[in-house]
Amino acid sequence: MNKLRMALVQLKVGSNKVTNITNARNMVMKASEQGAKLVVLPECFNSPYGTKYFNDYAENISANEMGPTSLALSKMAKEANVYLVGGSIPERSAESGNIYNTCTVWNDKGDMIAKHRKIHLFDIDVPNKIRFIESEVLSPGNDMTSFETPWGKIGVGICYDVRFPELAMIAARKGCFAMIYPGAFNMVTGPMHWEALMRARAIDNMIFVAGCSPARDLDFSYHAWGHSTIVGPKGDIKSTCEFDETIVYSDIDLEEISEIRTNIPIYSQRRFDLYTDVSK
């Protein structure tokens, strides 16, 4: 099980939740038909991205109560026979009522095998360019997340989480061969840092890194950068795209990790006598 086909669904997201879910299902099925075994949806795929939308689109995600989006993700993972990283949706906690930006992961039997609440909230203010304060509506998650697959373990972050290298570093040192980030970088930060951050996380840890964005839609106030991308453990771009709705594919060969770690053996050269191992 050293090889798999990964697919990133760069979905165009509108204001109709049912339509968004239906379109996601169609794209997931298409990816499966093209041989993908691991399929990723983008951040906030059932809702337009914006603090004013999160409350209205939020759903419960718990063993006792699954909202319509989670039920649909379970069903499409099973029907497509894929491991499905369900992008993210606004989640309303049944216990506290808090709203989170949450990614669910489903196996090929339709079972939820992981749930990641975005740890680092996107609170930025770039003068005359963009102001976005997720914490006005969202609460942060408090757990790092990974899940098991037939190919090995994979870590998950959401969008702004990619800027914090510790998450990928800890995941890699605990055996993850990839980090997956559903994300919706914007037209200011996207050109500057989207690809650079994914390449940095891949090079730092010698793992595969994938970032899955919504397609750009100029009808809404938040314009996603797009450019869903898969990066190899050498920091090389395996597959990418531009702004439009599409599916990005890459055939992943896990032997590449062993090769680069043998050729450039940083895993045996770290000086934990001088600095802390953040994975401990």
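Residues numbered from 1 in each chain as written. Predicted model: local features only at pLDDT ≥ 70, side-chain atom pairs only at ≥ 80, totals over all residues. Heavy atoms only, no water.

## Some points on the UniProt feature "domain: CN hydrolase" (unreviewed entry) in the protein
Heads up, the rule is: UniProt positions are given in the numbering used here, feature names are shortened, and annotations may be inferred rather than shown by experiment. Helix and strand definitions here come from DSSP, where helices need a minimum of 4 consecutive H or I residues and strands a minimum of 2 consecutive E residues; each element is numbered from the N-terminal end.
Feature annotation in UniProt assigns "domain: CN hydrolase" (unreviewed entry) to the following positions: residues 4-254. Taken as a whole, residues 4-254 contains 25% helix and 30% strand, while its terminal C-alpha atoms sit 9 Å from one another.

## Topic: the nonpolar core
Applied cut-off: We define the nonpolar core as a collection of buried residues of types Ala, Val, Leu, Ile, Met, Phe, Trp, Tyr and Cys that are connected through side-chain atoms lying within 4.5 Å of one another. Exposure is judged per residue with a 1.4 Å probe applied to protein chains only, and the accessible area is read against the type maximum: over 50% gives exposed, under 20% gives buried, and values in between give partly exposed. It only takes one pair of heavy atoms within 4.5 Å for two residues to be counted as in contact.
Counting 44 residues, the largest nonpolar core has Leu-8, Leu-38, Val-85 and Phe-177 as its most contacted members. Residue contributions to this core peak at 6 residues, all from strand 11 (residues 176-182). Non-local contacts of Leu-38, meaning those with residues more than four positions away in its chain, are made with Leu-4, Arg-5, Met-6, Ala-7, Tyr-83, Val-85, Ile-154 and Ile-180. The next biggest cluster of nonpolar side chains, apart from the first, holds 24 residues, and it includes Val-28, Leu-73, Leu-84 and Trp-106.

## Digging into the pattern of salt bridges
To be explicit about the condition: Salt bridges, as used here, are contacts in which a Lys or Arg side-chain nitrogen is within 4 Å of a carboxyl oxygen on Asp or Glu.
Scanning the entire structure with this criterion turns up 17 salt bridges. With a shortest N-O distance of 2.9 Å, Lys-115 and Glu-91 are connected by a salt bridge. With Lys-115 in strand 6 (residues 112-117) and Glu-91 in strand 4 (residues 89-92), this residue pair connects regions lying 24 residues apart in the sequence. Residue classification places Lys-115 among the partly exposed residues on the basis of a relative accessible area of 30%. Where Asp-277 meets Arg-173, a salt bridge forms, and the shortest distance between an N and an O atom there is 2.7 Å. You can see Asp-277 sitting in the segment after helix 7 (266-269) and its partner Arg-173 sitting in helix 4 (residues 165-173), a full 104 residues away along the chain.

## Describing the environment of Leu-254
Take Leu-254: it is sitting in the loop between strand 15 (246-253) and helix 6 (255-263). For Leu-254, a relative accessible area of 10% translates into the label buried. As for Leu-254 and Gly-152, which are separated by 102 residues in sequence, their C-alpha atoms are 9.4 Å apart. Leave out the neighbours within four places in its chain, and Leu-254 touches Met-1, Asn-2, Trp-151, Phe-177 and Phe-208.

## Thoughts on unusual backbone geometry
Trans is the common state for peptide bonds, and a negative phi is the common state for residues other than glycine. Notably, Cys-44 is not glycine yet its phi reads approximately 50°, a positive angle. In this fold, Cys-44 is placed in the loop between strand 2 (38-40) and helix 2 (51-57). Phi angles above zero are rare outside glycine, and His-227 is one such case at about 55°.

## Notes on the packing of helix 1 (residues 17-33) against helix 3 (residues 68-80)
In a packed pair of helices, the relevant descriptors are the angle between the two axes and the axis-to-axis distance. Note the threshold: Only the stretch in contact is used when fitting a helix axis, every axis being a line fitted to C-alpha atoms; angles between N-to-C directions are given from 0 to 180 degrees. Angular relationships are summarised with four words: roughly parallel below 35 degrees, roughly antiparallel beyond 145, roughly perpendicular across 65 to 115, and oblique for the angles in between. Crossings are assigned a handedness: left-handed for a near helix turned anticlockwise from the far helix by less than a right angle, right-handed for a clockwise turn. Residue polarity is assigned by list, with Asp, Glu, Lys and Arg as charged and Ala, Val, Leu, Ile, Met, Phe, Trp, Tyr, Cys and Pro as nonpolar; anything else, Gly included, falls into the polar class.
Running from N to C, helix 1 and helix 3 cross one another at 15°; their axes reach a closest spacing of 10 Å. On the basis of their axis angle, the class for helix 1 and helix 3 is roughly parallel. Crossing geometry of helix 1 relative to helix 3 is assigned as right-handed. Residue-level inspection shows Lys-17, Ile-21, Ala-24, Arg-25, Val-28, Met-29 and Ser-32 of helix 1 in contact with helix 3, the latter providing Thr-69, Ala-72, Met-76, Glu-79 and Ala-80. Of the residues assigned to the contact of helix 1 with helix 3, the class counts are 7 nonpolar, 2 polar and 3 charged.

## Quick look at the pairing of strand 7 (residues 123-126)
Selection criterion: Pairing between strands is defined by DSSP: at least two bridges between them are needed.
As judged from the 4 bridges shared by strand 7 and strand 8 (residues 130-133), these two strands associate in the antiparallel manner. Each residue of the ladder has a partner; that of Asp-125, found in strand 8, is Arg-131. Turn length for the strand 7-strand 8 hairpin, with the two strands adjacent in sequence and antiparallel, is 3 residues, and the turn residue Asn-128 shows positive phi of about 65°.

## A few points about helix 1
For clarity, the cut-off: Multiplying 1.5 Å by the residue count of a helix minus one yields the expected span of that helix.
End to end, helix 1 covers 24 Å across 17 residues, agreeing with the expected 24 Å (1.5 Å per residue, within 8%). Within helix 1 the residues assigned to the buried category are Lys-17, Asn-20, Ile-21, Ala-24, Met-27, Val-28, Met-29 and Ala-31. Residues of helix 1 that are buried sit in contact with strand 1 (3-10), strand 2, helix 2, helix 3, strand 3 (83-85) and strand 15. Phi turns positive one or two residues past the end of helix 1, at Gly-35, with a value near 95°.

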